[in-house]
Amino acid sequence: CPSAPVSAWRILSTVLGAMGVLTLSAVQGQVVNTVEIKTALVSVYDKTGLKELGEFLAEHKVHVLSTGGTAAKLREYGCTVQDVADYTGSPEILDGRVKTLHPKVHGALLAARGNEKHEAEMKEHGIRPIDLVVVNLYPFREAVSKGGDFANCIENIDIGGPCMIRASAKNNAHVTIVSDPGQYKKLLEHVRGNKGSTALAFRRNLAAAAFALTSAYDAAVSQWMATQVEEPPTTKTVSFEVERPLKYGCNPHQLPAGLCSVNGGKLPFDVVAGIPGYINLLDAVNAWQLVYELAKATGKPAAASFKHASPAGAAIGVPLSEAEVEVYEVKGKPLSPVATAYVRARNADPMCSFGDFVAVSHVVDVATANILKIEVSDGIIAPGFEPEALEILKAKKGGKFIVLQADNDFVPPEMEYRMCGGLGFMQKRNDKICDATLLEKVVTSKKDLSEQAKLDMILGMIAIKYTQSNSVGYSKDGMMIGVGAGQQSRVDCVKLAGRKLSTWRLRFHPKVVGLKFKEGVKRQDRVNARVRYIEGDMDEAEYAQWVTQFDSAPAPLTAHEKSEFLSGLSGVTIASDAFFPFRDSIDHAQKLGVQFVAQPGGSVADEEVIKACDAYGMTMAFTNLRLFHH
């Protein structure tokens, strides 16, 4: 209470201070809106744009304090320049490690103007107020990325620069801090429009950007330093730079939203056309990783069709049979290996691929662009585009089709970080390579694995590696033919993917192939109508609408006809992202022509599952690699 003895307040202050409760009180000073720029401190490593800035400062007769090469350049541009060493009375020392770390510099940056005590101390020590600070930092990230040794990287850690930036940003009531050459144009326009002064709101905006810069810079140093020591710190720092705002996040009410680069790195792609959304980009980055790895593992062009961060289909570019050409409705169309890969990927589950995001591993040619032209799709990511192919894609959807050009040389960071529900999570990126070496541990009586079987197993593993878990996938002849994603029960994954496999297979049934549509029925409507015909569970109202698409009502596809046709399927592979906990998955898979199994193993029921595979004549490999993806 106010009447408490002074000694009691001192005791309380000491206790609270020990508890870390007390904070510093604000230093009183005069806060004004506009501050005329009379004196500037300019010390930059990156001299981009310095000529225009220097000429501007000279034009406005600003007194400039500077160092080294920056000072020499500014004199060339007509500035009145005083060396910082002359101003402070202290020379640069220790090979330039100490240039601006001096009370006459930092006093000028931190003094609260209008504060009588500060004003008196500035006068006493000959401190000249500094109104504008232009500083950028040593290229630490570049030193690391070039493979510099420990000593070289250490030398590229800027000390004086961040100190000046932070001091100037803290005192934004009086000092303008410009920490990036990209801000020069905005500074010049603002000062010209304010009669040689800066406004408080402008200074605060620049201060916020400056603190973000030093935070990201320190994060880069911290991350690198953590890799150089035996006991890395438990505090992890990650910096995001918003490269482009997004319309919204997962849903329209989730604003703001943005696409960010990580830790000062570049994006793994360039936006060539269209305006990608949040979910488009999740699809694109997952799909690209899938096809990149698949092409690398198989040596063939690869494609994927993604919806909501999981593949509806994925495939490699192996030629289509005559039956596939007919069923996939590409008769008479030129088909390159890249185009073929996408036709296969799209036709694993063409109903789910409606409005997909596409990824292909190779340069998009005209044949591939023309296939995409007739499909309902949101966008594509690929490492390159033939000029004519790019024009075809840019014209799609009235120019709204999204085209992303992937960087083939981009390597994602080793560590991944995410937030969920107020918690932070970190893990090493899943960079495990899925190739034939994972198929060496064959645990069934039947050991033979043909080259085609190995190819399909590799395809299956890579596809489910980028599918929301739990996941299981069926593959055959270089394409996924059924993907079961995001189920809590593994056998439900098997059944869900199996239902998709059955639909894929039954599209080849003569009755389905022979459906006679009325002229003018759209491509996707034909796809959907065939699927509903195969499923055969329409009620009266739905059937009445469905049958209007045909010249005459098709005869039903009976359960016996379906079963008989499916029984002819063989050579199918099933891949699972985790072990089969019971034999029920194998019992169901055998009904769908499965002859090859790739799974991690490690269940207490492994022997039971092996016996089931042996009973059905399957060949199963334990990969010893779980592939959960969330």
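This report concerns the structure included in the present document. (Residues numbered from 1 in each chain as written. Predicted model: local features only at pLDDT ≥ 70, side-chain atom pairs only at ≥ 80, totals over all residues. Heavy atoms only, no water.)

Let's shift gears to a negative patch on the surface. Judged by side-chain charge, Asp46, Asp180, Glu241 and Glu243 come together as a negatively charged surface patch. Glu241 sits in the partly exposed class, given a relative accessible area of 49%. (Patch = residues over 30% accessible without salt bridge, like charges linked within 9 Å, V, L, I, M, F, W, Y side chains within 5 Å. Areas by Shrake-Rupley, 256 points an atom, 1.4 Å probe, with all protein chains shown as cover. Salt bridge = Lys/Arg side-chain N within 4 Å of Asp/Glu carboxyl O. Lys, Arg positive; Asp, Glu negative; His and termini not counted. Charge placed at Lys NZ, Arg CZ, Asp CG, Glu CD. Buried < 20%, exposed > 50% of the residue type's maximum accessible area, 1.4 Å probe, protein only.)

Looking now at the packing of aromatic side chains. In this structure the tally under the stated criterion is 11 aromatic pairs. Here the aromatic rings of Trp504 and Phe508 are separated by 5.4 Å at their centres, their planes lie at 65°, and the arrangement is edge-to-face. The exposure class assigned to Trp504 is buried, which follows from its relative accessible area of 5%. Classification of Phe508 as buried rests on a relative accessible area of 14%. Summarising the aromatic geometry, the rings of Tyr543 and Trp546 are spaced 5.7 Å apart at their centres and angled 35° between planes, so their arrangement reads as tilted. With Tyr543 and Trp546 both in helix 21 (residues 540-546) and 3 residues apart, the pair spans about one turn of that helix. Taken together, the ring pairs connect Phe517, Tyr533, Tyr543, Trp546 and Phe550 into an aromatic cluster. (Phe/Tyr/Trp six-rings, centres within 6.5 Å; stacked < 30°, edge-to-face > 60°. Helix = DSSP H or I, 4+ residues; strand = E, 2+ residues; numbered from the N terminus.)

The buried fraction of strand 19 (residues 479-485) amounts to 6 of the 7 residues, a majority that puts the element mostly inside the structure. By the bridge criterion, 6 bridges tie strand 18 (residues 471-476) to strand 19 in an arrangement that is antiparallel. Each residue of the ladder has a partner; that of Ser471, found in strand 19, is Ala485. In textbook terms, the turn of a hairpin is the stretch between consecutive antiparallel strands, and for strand 18 and strand 19 this stretch comprises 2 residues, one of which, Asp477, has a positive phi near 55°. (Pairing = 2+ DSSP bridges.)

On the basis of which strands lie adjacent, the open sheet formed by 5 strands has the order 4-3-2-5-6 and parallel pairing. Both edges of this open sheet fall to strand 4 (80-83) and strand 6 (176-178), since each of them pairs with a single strand only. Going from strand to strand, the sheet's axes swing by 20° on average, the running direction of each strand aside. Strand direction decides the pairing type here: strand 5 (residues 132-135) and strand 6, joined by 3 bridges, are parallel. Residue pairing across strands places Val133 opposite Ile177, the latter belonging to strand 6. (Axes fitted to C-alpha atoms, helices over the stretch in contact; angles between N-to-C directions.)

By secondary structure assignment, the location of Ser576 is in strand 20 (residues 572-576). Within the structure, the side chain of Ser576 is placed 2.8 Å from the side chain of Arg490, a separation counted as a polar contact. Residues contacting Ser576, with those up to four places away along its chain left out, are Ile464, Ser471, Val472, Arg490, Ala598, Gln599 and Pro600. (Polar contact = N/O pair within 3.5 Å; in protein donor to acceptor, adjacent residues only side chain to side chain. Contact = heavy atoms within 4.5 Å.)

Right, let's talk about the pairing of strand 13 (residues 356-360) for a bit. Summarising burial for strand 13: 5 of the 5 residues are buried, a large majority. Burial of strand 13 is two-sided: the residues Asp356, Val358 and Val360 facing one way and the residues Phe357 and Ala359 facing the other way are all buried. As defined by bridge partners, strand 11 (residues 302-307) adjoins strand 13 across 4 bridges and the pair is classed as antiparallel. Its bridge partner lying in strand 13, Ser305 is registered against Val358. Taken together, the 4 bridges between strand 13 and strand 14 (residues 377-382) define a ladder with parallel strand orientation. Bridge pairing in strand 14 places Val358 opposite Ile380. In this fold, strand 13 hands off to helix 15 (residues 366-373), which returns the chain to strand 14; that crossover is right-handed. (Right-handed = clockwise from strand over helix to strand, strands pointing away.)

Within the structure shown, the criterion is met by 28 salt bridges. Here Arg192 ties to Glu59 by a salt bridge, and the two come within 3.8 Å at their closest N and O atoms. Of this pair, Arg192 sits in helix 10 (residues 184-193) while Glu59 is found in helix 2 (residues 50-59), placing the two residues 133 residues apart along the sequence. Ionic pairing is found between Glu155 and Arg97, a salt bridge with its closest N-O pair at 2.7 Å. Remark: Arg97 occurs in the loop between helix 4 (84-88) and helix 5 (103-110) and Glu155 occurs in helix 8 (residues 150-155); sequence separation between them is 58 residues. For Arg97, a relative accessible area of 51% translates into the label exposed. Look at the salt bridges and you will find they share partners, linking Glu329, Arg346, Asp356, Glu375, Arg523, Arg526 and Arg530 into a network.

On to helix 16 (residues 387-395), then. Listed as buried for helix 16 are Ala389, Leu390, Ile392 and Leu393. Relative to the axis of helix 16, the buried residues are bounded by an arc of 160° and lie together on one face. Of the exposed residues in helix 16, the ones pointing more than 90 degrees away from its buried face are Pro387, Glu388 and Ala395. Where the residues of helix 16 are buried, they touch strand 10 (269-273), helix 15, strand 14 and strand 15 (402-406). Positioned one or two residues after helix 16, Lys397 has a phi angle of 55°, which is positive. (Arc of directions from axis to C-beta.)

Direction vectors running N to C along helix 9 (residues 160-170) and helix 11 (residues 200-226) enclose 150°, while the axes themselves pass 9 Å from each other. In terms of axis orientation, helix 9 runs roughly antiparallel to helix 11. Helix 9 and helix 11 meet at a crossing whose hand is left-handed. The residues of helix 11 that touch helix 9, namely those facing Pro162, Ile165, Arg166, Ala169 and Lys170, are Ala207, Ala210, Phe211, Leu213 and Thr214. (Parallel < 35°, antiparallel > 145°, perpendicular 65-115°, else oblique. Left-handed = near helix turned anticlockwise from the far one by under 90°.)

Our focus in this paragraph is a nonpolar patch on the surface. A cluster of nonpolar side chains, contributed by Val238, Phe240, Val262, Tyr417 and Met426, occupies part of the molecular surface with about 430 Å² of accessible area. With respect to the helices and strands, Met426 occurs in strand 17 (residues 423-428). Judged by relative accessible area, Met426 falls into the partly exposed class, the value being 45%.

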